[in-house]
Amino acid sequence: MKPMYGKDSLRNIKLLILLKPLVQLKYFTQTELTTFLTLYLPDMGINLPHESNNTQENEGDSALTIELNALESHTKTLMKICQGQPRLALFILKQSIDEHKVSKLSDLNSKDIFTIDTHALKSLDEESLFALAEIYVHGGLTVEHLSIIFNMSIEESSLKLEFLSRQGLLITQYCESDFARHFYQIPPVLSKIVATHLLNHNKLFSF
């Protein structure tokens, strides 16, 4: 499973605001999800071409058709991953676009779209679950803060947080000047899933 990294803190902050659950969105059908994602494409740096800009009318599909076909393909993949959860689909598509630095949907292979394996939670050891619980309770932790809480070295703390990040359970705001200040938090779209798991395993008392 590919990690969900985000080195640009401003992008991450904007994304977290975008994903803040101001309203409860029901699960979408594939058609509804496609429409929903289309509305947010400009916020992800993707602008669909105008039909009038077609340079391939005598050679095949138009530029717009190619992008719409790519969107449909990506939506099918996202439906399998997210089961119609719109905010989760939006989050994953945004992270995939940022990681692969694409400006067109057709440049993103559907196989390169991030997956979130919630089964990773079930394989975590006790220490990792306690670390997740502390991150959840505090709303996020730096490498240094986790090392203090668990009385471990900075290096051990960094390895623990990077491991959880590689499982797709954390997102990161990187500090270029000091890796001990890298900030890790649970993606808002996964917050309830993670909290429920921690509660069921006696790592949280309530949420």
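Criteria and cut-off values
Residues numbered from 1 in each chain as written. Predicted model: local features only at pLDDT ≥ 70, side-chain atom pairs only at ≥ 80, totals over all residues. Heavy atoms only, no water. Salt bridge = Lys/Arg side-chain N within 4 Å of Asp/Glu carboxyl O. Helix = DSSP H or I, 4+ residues; strand = E, 2+ residues; numbered from the N terminus. Buried < 20%, exposed > 50% of the residue type's maximum accessible area, 1.4 Å probe, protein only. pLDDT = per-residue confidence, 0-100. Contact = heavy atoms within 4.5 Å. Pairing = 2+ DSSP bridges. Axes fitted to C-alpha atoms, helices over the stretch in contact; angles between N-to-C directions. Parallel < 35°, antiparallel > 145°, perpendicular 65-115°, else oblique. Left-handed = near helix turned anticlockwise from the far one by under 90°. Nonpolar A, V, L, I, M, F, W, Y, C, P; charged D, E, K, R; others polar.

**Quick look at the pattern of salt bridges**
Scanning all chains against the criterion turns up 4 salt bridges. In this structure, the salt-bridge partner of Lys94 is Asp98, at a minimum N-O distance of 2.7 Å. Residue Lys94 and its partner Asp98 are located together in helix α4 (residues 86-100), separated by 4 residues, close to a single helical turn. Residues Lys94 and Asp98 agree in their burial class; the two are buried. The shortest N-O distance in the salt bridge between Lys160 and Glu127 comes to 3.2 Å. With Lys160 in helix α7 (residues 154-166) and Glu127 in helix α5 (residues 126-138), this pair connects stretches of sequence that are 33 residues apart. Since its relative accessible area comes to 11%, Lys160 is described here as buried.

**Observations concerning the confidence of the model for the protein chain**
The share of residues in the protein chain with pLDDT of 70 or more is 81%, and the mean pLDDT across the chain is 83. For the stretch residues 1-24, pLDDT sits under 50, and the model shows 54 contacts to residues farther than four places along the chain or on other chains.

**Looking at the environment of Gln83**
Structurally, Gln83 can be placed in the loop between α3 (63-82) and α4. Since its relative accessible area comes to 52%, Gln83 is described here as exposed. Along the chain, Gln83 and Tyr27 lie 56 residues apart, while their C-alpha atoms are 7.4 Å from each other. Excluding its chain neighbours within four sequence positions, the residues that come into contact with Gln83 are Tyr27 and Leu78.

**Some thoughts on the sheet that holds strand β1 (residues 141-142)**
With antiparallel pairing, the 3 strands of this open sheet are ordered in space as β1-β3-β2. The open sheet has two free edges, formed respectively by β1 and β2 (171-173), since each of these has just one partner strand. Pairing of β1 with strand β3 (residues 183-185), which is carried by 2 bridges, proceeds in the antiparallel orientation. Each bridged residue has a counterpart across the sheet, and for Leu141 the counterpart in β3 is Tyr184.

**Comments concerning unusual backbone geometry**
Here Lys101, not a glycine, exhibits a phi torsion of approximately 50 degrees, which is positive. Positive phi outside glycine occurs at Asn151, with the angle close to 55 degrees. One can find Asn151 in the loop between α6 (143-149) and α7.

**Structural notes on the packing of α3 against α4**
In the contact formed by α3 and α4, the axes pass within 10 Å of each other and the chain directions differ by 120 degrees. One element, α3, and the other, α4, form an angle in the oblique class. Crossing of α3 against α4: the hand is right-handed. Two secondary-structure elements touch here, α3 through Leu78, Ile81 and Cys82 and α4 through Leu88, Ala89, Ile92 and Leu93. Here the residues of the contact of α3 with α4 are counted per class, giving 7 nonpolar, no polar and no charged.

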